[in-house]
Each structure stands twice: as structure tokens, then as C-alpha cells.
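Tertiary structure, described
Each chain, letter by letter, is given below.
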Amino acid sequence: MNGPCPQMQDRIADYVLGALDAQQAEALREHLNGCDACRRYARNLKEQSKSLVAFGRQIEAGMGARQNRVIEALQNVSPAETGTKRGFPFIGGFMRMAIAAALVLGTGVAIGRWTAPRPVDVEQLRADMETSLAASLRPAVQEAVLAQVDQRLQAGLSKNEAKLRTELTGQIRDDVQRFAAQAASNSETLVERRFFEFVQLVEEARLRDRQHVVRALEQMERNRYRDRTEVRTGLATLIEKKPATVQQ
Amino acid sequence: MDEGSDRELALASYQGDRTAYALLVRRHYKPVFLVCLGVLGNVHDAEDVAQDAMLRAFQQIGQLRDSSQFGGWIAAIARNLSINQLRKRKAAAKAPETERPAGHERPESPYEDLEQAMARLPSDLRLPLVMYYFDGQNVKTVARKLEISTSGVYQKLRTAIRQLHEILTAQGDTP
């Protein structure tokens, strides 16, 4: 025996439940007219629904008898907790809690007043409390302040870490460049100084050479003057000693 | 006693007035029984648990915070007792079957197969089925009481009647 079309089973169940609108119901009826398996399935579900309704009626019919049995059994049950467990039944939860809170507060106040040894010196108590509080709070406050400062520093450092790293890198780069420039400058200055000294030495050497040349020229001039003088003197002597010979 | 409000009857019941409580039983027994049937899926067990719930409520009525809410309170008691009974039944499923006490025999029901098939449905499908077919409630009312959507109720009902048909077909008792 073939089963109903799988895609139609939910639709048939809805039809039995009366959940289809007129158009959907009409479309389903057209399908049922041409499909024996679905028609049989729909008929079975309808019969099942009728059985459920009839079963419900049977249960409903026996409801009075069941109630009677309960009422009959009720005669053997004692209302054991009546008036014993709770003095004020059916009071709402909020009201009960409010009453309980008032009782507790009232009891506490009464006990406090009853057991109080003497009136309290409010000024003395305040002074004692201030001293005690100051002594107990000061280290804690200091610790708290230090911790807070430390925490803020940590937070600030972590927050500006990237910025600091960038700035530090830039600063180091600038310093290196400045040092390199200064080193180069110093190097140039040293070369210049060495060159200047070299030039000075050359100049001094040249000056010394010139002085030697001058002295040599002067010496030569003196030698030439002396030679000329000696020549003149020799010629004069010669003229004086041998005039006849010369005339001859 | 004239029929009063639930609050008046509950207050009188608290004072030990069984007549007043009997009126509450007449008024609230059916929904209590159907809750038990919806959870347990068995008429006999539902009768026992519903009666137990009603008698316990009489003894514990002092715990009722708002006497005008007796219906919801007794239904919650019945539901909890039914769930406990269901757990006990599952735990004792492998235990040897014991005979029912004398005096509790029921006449043969023409719907025994249907009842057995219903008992095999999951309780989350059985409860809306019982409310819809046995209590004559429409889908909107069932949805409100179960706190689910109407489409959710239709889905559960659709699945329930299809599964019920499969169980009955497997039993050879197709209607």
C-alpha cells in the first residue's frame, strides 16, 4: 500500500485541524481527488480527530464522578496546618516582608537602648574616630596615591611609547648628524691649520733663501767693489811707476 | 454555601470548611485533571495525581499567597506532582509490574488504544493536544496558556496528530 505524498502530509494535517484558508483547502481537495493514498491518509486523520473528540467527551462525562471521589476523600483529610503554621494567611509577600522588617528593626532598637551603658560623648567619639581614621587611612591613602601615580605614569608611558620612540630616534639621528658635521668641520679646520703651518714653513724657508741670496749678492757686490778698487789702485800705481815706458 | 469567589472559598477552606473547599474542587478539578493527563498521558494516573494535588492543596492552603489565584496555584501543584510521577514511572520502567490495589479497576474503555498511543507521545506534544481536543480550547487560548505562539501551537498539533497516526498504524489500530 502506498503512503501519502510526503510533501502533502503537513498540509493534510492542517486541513484536519481547520488551519487552511478556503483557497488552500480547495487546492488540497483537488489533490485528494486524484491521489488515493493522500485521500486515505486524510480520512484516517479525520477519524482519529473524531476519536479524540469522543475520547474527550468520555473523559468529560466521568469528571463529576472523579470530583465526587476527591470530595469523598477530602472528608478523611484533616486541615492539619490550619491556624498553626501561619497566623496571618493570604497576606501578600511584600506585606509579610515589611512586617518582618519592622519587627526586626524595632527589636534591634529596643535591645540597643536597653543594653546601652551610658550616653555617648559625641565630641569625644568624633575626635577618637577622626584620629583613628586618620591613622588607619594615611598609609592606605599614600599607597593609593602612589599606586595611582604609578598607574598613570605607566598608562602615560605606554600611551606615548611610540611617540617617545620616534622622538628619541629622531633626536639620536640629529645628534649623529651634528657630530658628523662637527667632526668633518674639525677635520677641515685641522687640515687648514696644517696647511697654514706648511705654508708658513715654506714662506720662512723662502725668506731664509732670499736672505741668503741677498747676503750672497751683497758679498758679491762687496767683492766686486773691492776688486774694482784694487784694480784702480793697481792701475794708478802702475801709471805712477812706469810713465816713460808707457809713453814709449 | 453560596458560590463565592475563589478568595472567599479559599479563606473559608483555610478555616477548615470542607464544603467551601468542595466548591473549589468542583470549579477547578477539570483543568487540574487535564494538566495531569497532558503530562502523564494516562487517565488512571491522571486521576490519582489530580486527587493527590487537590487534597494536598487543602492541607497546604495556608501557603497560598494570593487567595484569588487559587486556580493557577493548584494547577502548578498538579503539574509538579505529575512531573514527579513521570520521573518515578521512568525510573521504575524496568521494575516488575505490580498489581493495582483492589477497588481501583476501571471499566474497559473503547479508547484504550488511543489512550495508549497518546501516552507514547512526547509530553510537549501531548499537553496541547489534550487542551485542544479534551478541553475544547481554541488555538489562541492554548497558545496563551502555554506561552507560545499560535503558529507554534499549530506546529505541535500537526506533529502530534501525525505521530499519533503513525503509532496507531504501527499498532494496527488505524481508525
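Residues numbered from 1 in each chain as written. Chains lettered and ligands numbered in written order. Predicted model: local features only at pLDDT ≥ 70, side-chain atom pairs only at ≥ 80, totals over all residues.

**Some thoughts on the overall build of chain B**
Secondary structure assignment for chain B yields eight helices and zero strands. Considering only residue pairs separated by 6 or more positions, chain B has 64% of its internal contacts joining residues 24 or more positions apart. (Helix = DSSP H or I, 4+ residues; strand = E, 2+ residues; numbered from the N terminus. Contact = placed C-beta atoms within 7 Å.)

**Quick look at the packing of helix α3 (residues 36-61) of chain A against helix α8 (residues 150-171) of chain B**
Packed helices, taken two at a time, are described by their axes: the angle between them and the distance between them. Direction vectors running N to C along α3 of chain A and α8 of chain B enclose 100 degrees, while the axes themselves pass 10 Å from each other. Here α3 of chain A lies roughly perpendicular to α8 of chain B, going by the angle between them. Here N44, L45, Q48 and S49 of chain A of α3 of chain A lie close against α8 of chain B, whose contacting residues are I161, L164, H165 and L168 of chain B. Tallied by class, residues from the contact of α3 of chain A with α8 of chain B come to four nonpolar, four polar and no charged. (Axes fitted to C-alpha atoms, helices over the stretch in contact; angles between N-to-C directions. Parallel < 35°, antiparallel > 145°, perpendicular 65-115°, else oblique. Nonpolar A, V, L, I, M, F, W, Y, C, P; charged D, E, K, R; others polar.)

**Thoughts on the nonpolar core**
In a soluble, globular protein the nonpolar side chains are often hidden away together inside. Residue and element names in this part refer to chain B. Counting residues in hydrophobic clusters, the biggest one holds 65 residues, and the most contacted among them are V32, C36, A50, A53, M54 and A78. No other element matches helix α2 (residues 18-40), which puts 14 residues into this core. With residues near it in sequence (within four places) discarded, A53 still touches V32, I74, I77, A78 and L81. (Core = buried A, V, L, I, M, F, W, Y, C linked by C-beta atoms within 7 Å. Buried ≥ 20, exposed ≤ 12 C-beta atoms within 10 Å, placed from the backbone.)

**A few points about the confidence of the model for chain A**
Residue and element names in this part refer to chain A. With 73% of its residues at a pLDDT of 70 or more, chain A has an overall mean of 79. Of all the helices and strands in chain A, helix α7 (residues 243-247) carries the lowest mean pLDDT, 54, while helix α2 (residues 22-34) carries the highest, 94. A low-confidence stretch, residues 82-88 stays under pLDDT 50, and its non-local contacts, those more than four residues away or across chains, total six contacts. (pLDDT = per-residue confidence, 0-100.)

**Quick look at the environment of S151 of chain B**
Here S151 of chain B is to be found in helix α8. Spatially, the C-alpha atom of S151 of chain B lies 8.8 Å from that of V139 of chain B, the residues being 12 residues apart in sequence.

**Focus on α2 of chain A**
For α2 of chain A, which comprises 13 residues, the first-to-last C-alpha distance of 19 Å matches the rise-based estimate of 18 Å (1.5 Å per residue) to within 8%. For α2 of chain A, a buried count of one out of 13 residues is recorded, marking the element as mostly open to its surroundings. (Expected span 1.5 Å × (residues − 1).)

**Focus: the packing of α2 of chain B against helix α6 (residues 123-133) of chain B**
Residue and element names in this part refer to chain B. Between α2 and α6, whose axes approach to 7 Å, the crossing angle comes to 145 degrees. Here α2 runs over α6; the crossing is right-handed. Two secondary-structure elements touch here, α2 through L34, L37, G38 and V39 and α6 through S123, R126, L127, V130 and M131. By residue class, the composition of the contact of α2 with α6 is six nonpolar, two polar and one charged. (Left-handed = near helix turned anticlockwise from the far one by under 90°.)

**A word on the interface of chain A and chain B**
At the interface, 39 residues of chain A touch 39 residues of chain B. Of all the secondary structure elements, the ones that give two or more residues to the side of chain A that touches chain B are α1 (9-17), α3 and α4 (63-74) of chain A. Counting residues per element, the side of chain A that touches chain B draws most heavily on α3 of chain A, which supplies 12 residues. A class-by-class count of the residues in the side of chain A that touches chain B yields 19 nonpolar, 12 polar and eight charged.

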